[in-house]
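# Residue-level structural notes
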Amino acid sequence: MRLLPLSILLGAICWAFAAAAEAPRSIVSINLCSDIYAADIAAPGTLKSVFRLGQDAADSPVAEKLRGLPRNDARIEEILPFAPDLVLAHEWTSPFTLDLLHRVNIPFVLVKDSRSFEDIRANIRLVAKALGREARGAEIVAAFDAELEKARRNAANGPTAILYQDMGSAATPDSVLGRILTLTGFRNVIAHENPVGLVYPGIEDVIAFRPQLIALGIYRPNEPSLAGALLAHPALHLYRKRHAEKLDLPAGDWTCNTHYVARTAALLAATHDDIMARRALASTDQERAQ
């Protein structure tokens, strides 16, 4: 576990005292994850600058909302000109940057890495409280929960599935994506768990699992890369064509595992319904044939 310097920990909590007096009117976000929360929570006109990836549609589900705002690379010299009342960052943001913010008495809030739906809710509430927008945060949490409930399906006899991504990574059951597979009625063929939430089965392993659905996380489809080449492997393509349902999922929807993962849940739930409907139809046809 990485231990943060005392000065950084002090900086991370001092926002509470500032927020008690007045909601921040000049906010700078220096991380893509904090960008996503800020885009939906911040009051109009208060968000002054965002991290450069926040406006990249391949990485950010809120790119259009942030279009036109000044971009930054999380460097202190890019933050100070905005004289921010508050800086939004991530727990993995450079401790050197955080220490410098503390030294110049600029409060900051660190969003956490999400491993569960409750972690997502906690991040929403954290940012909303820091921005003096608790009511807005409650609205987002309520909408998120409603979308998840709408996508809920019975997994008892659901199709087996794998969510496979660039570099051959697959979502584990306790990761956010793994939880979404279960929520939407699929049985994850990956049983192994680890702290990262990803495992790396080879193509042979994926085929040997015999999943009934192979959902591919598609990242920058028009920009070929070595990381994405595995998803175009002929053996995987042939298996998907002959033996499995296919679903391509935009990877940007689960960037940072925020409330936008509900979009992924909606796509998977619709696919589950389609598979189960065709399964029921095939069973009925078989009974009639007998």
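These lines cover the structure that appears in this document, whether it is placed above or below. (Residues numbered from 1 in each chain as written. Predicted model: local features only at pLDDT ≥ 70, side-chain atom pairs only at ≥ 80, totals over all residues. Heavy atoms only, no water.)

## Looking at the nonpolar core
If you look at the biggest cluster of nonpolar residues, it comprises 64 residues, and the most contacted ones within it are I41, V87, L101, I120, L163, I180 and L268. With seven residues, helix α3 (residues 32-41) is the single largest residue contributor to this core. (Core = buried A, V, L, I, M, F, W, Y, C linked by side-chain atoms within 4.5 Å. Buried < 20%, exposed > 50% of the residue type's maximum accessible area, 1.4 Å probe, protein only. Helix = DSSP H or I, 4+ residues; strand = E, 2+ residues; numbered from the N terminus.)

## Describing the pattern of salt bridges
Following the criterion strictly, the structure yields 21 salt bridges and no others. One salt bridge connects E22 with R25, and the closest N-O pair in it is separated by 3.2 Å. Its relative accessible area of 44% is what places E22 among the partly exposed residues. Between D40 and K65 there is a salt bridge; the shortest N-O distance is 2.3 Å. Of this pair, D40 sits in helix α3 while K65 sits in helix α4 (residues 63-66), and the two are 25 residues apart along the sequence. Judged by its relative accessible area of 7%, D40 falls in the buried class. (Salt bridge = Lys/Arg side-chain N within 4 Å of Asp/Glu carboxyl O.)

## Concerning the sheet that holds strand β5 (residues 108-111)
The five strands lie next to each other as β3-β2-β1-β4-β5, forming an open sheet whose pairing is parallel. The outermost strands of the open sheet, each flanked by one partner alone, are β3 (71-72) and β5. Contacting β4 (86-90) and β5, helix α7 (residues 117-130) runs over the sheet at an angle of about 170 degrees to β5. (Pairing = 2+ DSSP bridges. Contact = heavy atoms within 4.5 Å. Axes fitted to C-alpha atoms, helices over the stretch in contact; angles between N-to-C directions.)

## A word on the packing of aromatic side chains
Taken as a whole and judged by the stated rule, the model has one aromatic pair. Taking 6.2 Å as the distance between ring centres and 75 degrees as the angle between the ring planes, the aromatic pair formed by F117 and F144 counts as edge-to-face. One end of the pair, F117, is in helix α7; the other, F144, is in helix α8 (residues 134-151), with 27 residues separating them in the sequence. Overall, F117 belongs to the buried group, its relative accessible area being 14%. (Phe/Tyr/Trp six-rings, centres within 6.5 Å; stacked < 30°, edge-to-face > 60°.)

## Focus on the pairing of strand β10 (residues 213-218)
Buried residues dominate β10, accounting for five of its six residues. Looking at chain direction, strand β6 (residues 160-164) and β10 are connected through four bridges and run parallel. Along β10, the bridge assignment pairs Y164 with L216. Sheet topology note: the β10/strand β11 (residues 245-250) ladder contains six bridges and is parallel. Within the sheet, the bridge partner assigned to I214 lies in β11 and is K246.

All quantities given are derived from atomic positions and should not be read as evidence of function.
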